[in-house]
Amino acid sequence: MSGPETVRRHRRDDVTQVALRILDDHGLADLTMRRLAASLDVQPSALYWHFENKQTLIAELADRIVDAHLAPVDAVSEAGSDWRERTRVEAEALRDALLAYRDGAEVVSSTYALGLGSGRALTRLTDAVSVAGFDEATSRRAGTVLLHFILGHVSHEQQRMQYDSVGVLADGATDPLGQEDQAQAFAFGVGLLVDGLAALSVR
């Protein structure tokens with residue numbers, strides 16, 4: 001029978017890993033505490049030994065998703081003091097991280113909306129921008145704008161992929177945002193934001 005003795009055999013990391021697997025297999029909407037408990041062979045109430053509520057669980061997943069794909073050390077090193085390139089490298093790494101899990105963008109976005117999680121995604125972008133010499137407030141605003149763009153772009157990508165996988169899209173349906181390679185479209189958007197910041201820095 002499931003109970004406190006059973007859940008103590010599951011570490012917080014065990015619970016998180018199973019939750020990530022359910023997220024990837026079924027999506028955020030079907031990641032319920034009941035489904036998670038069943039996968040771990042415990043009662044739903046036992047999960048609260050590790051997580052206060054579902055929101056704190058989702059926040060943990062968001063942090064794991066963001067941390068799973070850090071910007072390559074060699075790319076960051078090569079960028080050096082070039083804040084534009086460093087910002088692009090961090091943005092691309094975050095896109096890769098979000099795309100690695102089903103509904104990754106939605107998970108991270110909902111966590112930020114609730115003010116939960118570590119905030120490392122925003123910190124990484126803000127730190128990259130700050131290399132340009134902007135003051136702290138400007139760097140954070142710029143990092144926030146970049147994060148909003150990344151979350152929105154990847155969310156659109158993942159919705160299209162999901163609709164396509166279940167056959168919801170009509171035959172011949174086109175993407176209203178264009179059919180160019182999504183990675184190129186993403187890079188173009190990041191480039192626009194970075195160029196705008198560069199123009200601000202010379203005023």
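Remember, predicted model here, so these are calculated numbers, not experimental data.

Parameters at a glance
- Residues numbered from 1 in each chain as written.
- Predicted model: local features only at pLDDT ≥ 70, side-chain atom pairs only at ≥ 80, totals over all residues.
- Heavy atoms only, no water.
- Phe/Tyr/Trp six-rings, centres within 6.5 Å; stacked < 30°, edge-to-face > 60°.
- Helix = DSSP H or I, 4+ residues; strand = E, 2+ residues; numbered from the N terminus.
- Buried < 20%, exposed > 50% of the residue type's maximum accessible area, 1.4 Å probe, protein only.
- Salt bridge = Lys/Arg side-chain N within 4 Å of Asp/Glu carboxyl O.
- 1 Å grid on protein atoms, 1.4 Å probe; cavity = no way out; pocket = protein on both sides within 12 Å on 5 of 7 lines; lining within 4 Å.
- Points joined across faces, edges and corners; volume = space filled by probe spheres on them.
- UniProt positions renumbered as here; feature names shortened; annotations may be inferred.
- Axes fitted to C-alpha atoms, helices over the stretch in contact; angles between N-to-C directions.
- Parallel < 35°, antiparallel > 145°, perpendicular 65-115°, else oblique.
- Left-handed = near helix turned anticlockwise from the far one by under 90°.
- Contact = heavy atoms within 4.5 Å.
- Nonpolar A, V, L, I, M, F, W, Y, C, P; charged D, E, K, R; others polar.
- pLDDT = per-residue confidence, 0-100.

Draft legend 1. Layout of the packing of aromatic side chains. On inspection of all chains with the given rule, the structure shows two aromatic pairs. Taken together, a centroid distance of 5.9 Å and an interplanar angle of 85° make the contact between Trp83 and Phe134 edge-to-face. Here Trp83 is found in helix 6 (residues 83-99), whereas its partner Phe134 is found in the loop between helix 8 (120-130) and helix 9 (136-165), with 51 residues between them in sequence. Take Trp83 and Phe134: they sit in the same class, and that class is buried. Note on Phe149 and Phe186: the rings are 5.6 Å apart at their centroids and 25° apart in plane angle, and the pair reads as stacked. With Phe149 in helix 9 and Phe186 in helix 10 (residues 182-201), the pair connects residues that are 37 residues apart, well separated along the chain. The exposure class assigned to Phe186 is buried, which follows from its relative accessible area of 2%.

Draft legend 2. Here's a closer look at the pattern of salt bridges. The final tally for this structure, using the stated rule, is nine salt bridges. The closest approach of N and O atoms between Arg120 and Asp67, which form a salt bridge, is 2.6 Å. Placement of Arg120 in helix 8 and of Asp67 in helix 4 (residues 54-68) is noted, with a sequence separation of 53 residues between them. Here Asp67 falls in the partly exposed class, since its relative accessible area comes to 31%. One network of salt bridges, in which partners are shared, links Arg11, Arg12, Asp13, Asp14, Glu60 and Arg64.

Draft legend 3. Geometry of the layout of surface pockets. The calculated volume of the largest pocket comes to roughly 180 Å³. Broken down by element, the lining of the largest pocket gets its largest block of residues, five residues, from helix 9.

Draft legend 4. Focus on the UniProt feature "DNA-binding region" (unreviewed entry) in the protein chain. When the UniProt feature table is mapped to this numbering, "DNA-binding region" (unreviewed entry) covers residues 32-51. With 40% helix and 0% strand, residues 32-51 has its two end C-alpha atoms placed 13 Å apart.

Draft legend 5. The arrangement of the packing of helix 6 against helix 8 in detail. Contact geometry of helix 6 with helix 8 gives a least axis separation of 8 Å together with a crossing angle of 165°. On the basis of the axis angle, helix 6 is roughly antiparallel to helix 8. The crossing of helix 6 and helix 8 is left-handed. Taken together, the residues of helix 8 that come into contact with helix 6 (itself represented by Trp83, Arg86, Thr87, Glu90, Ala91, Ala93 and Leu94) are Ala121, Arg124, Leu125, Asp127, Ala128 and Val129. The class makeup of the residues in the contact of helix 6 with helix 8 is eight nonpolar, one polar and four charged.

Draft legend 6. Structural detail: unusual backbone geometry. One non-glycine residue, Asp41, lies in the positive phi region at around 60°. Exposure remark for Asp41: the relative accessible area of 55% places this residue in the exposed category.

Draft legend 7. Local environment of the confidence of the model for the protein chain. Taken as a whole, the protein chain shows an average pLDDT of 88; of its residues, 86% reach a score of 70 or greater. Residue range residues 1-7 is modelled with pLDDT below 50. Its contacts to residues more than four positions away, or to other chains, number eleven contacts.

Draft legend 8. Broad picture of empty space enclosed by the protein. Taken as a whole and judged by the stated rule, the model has one cavity of 30 Å³ or more. Contributing to the lining of the largest cavity are 13 residues, with Ala62, Asp63, Val66, Tyr112 and Gly119 lying nearest its centre. Those elements giving two or more residues to the lining of the largest cavity turn out to be helix 4, helix 7 (104-113) and helix 8. It is helix 4 that contributes the most residues to the lining of the largest cavity, four residues altogether. Grouping the amino acids of the lining of the largest cavity by side-chain chemistry returns six nonpolar, four polar and three charged.

Draft legend 9. Spotlight on the packing of helix 2 (residues 12-26) against helix 4. Taken N-terminus to C-terminus, the directions of helix 2 and helix 4 make an angle of 80°; their axes are 10 Å apart at the nearest point. Between helix 2 and helix 4, the angle is such that the two are roughly perpendicular. For the pair helix 2 and helix 4, contact is made by Arg12, Asp13, Thr16, Gln17, Ala19, Leu20 and Leu23 and by Leu57, Glu60, Leu61, Arg64 and Ile65, respectively. When its residues are assigned to classes, the contact of helix 2 with helix 4 shows six nonpolar, two polar and four charged.

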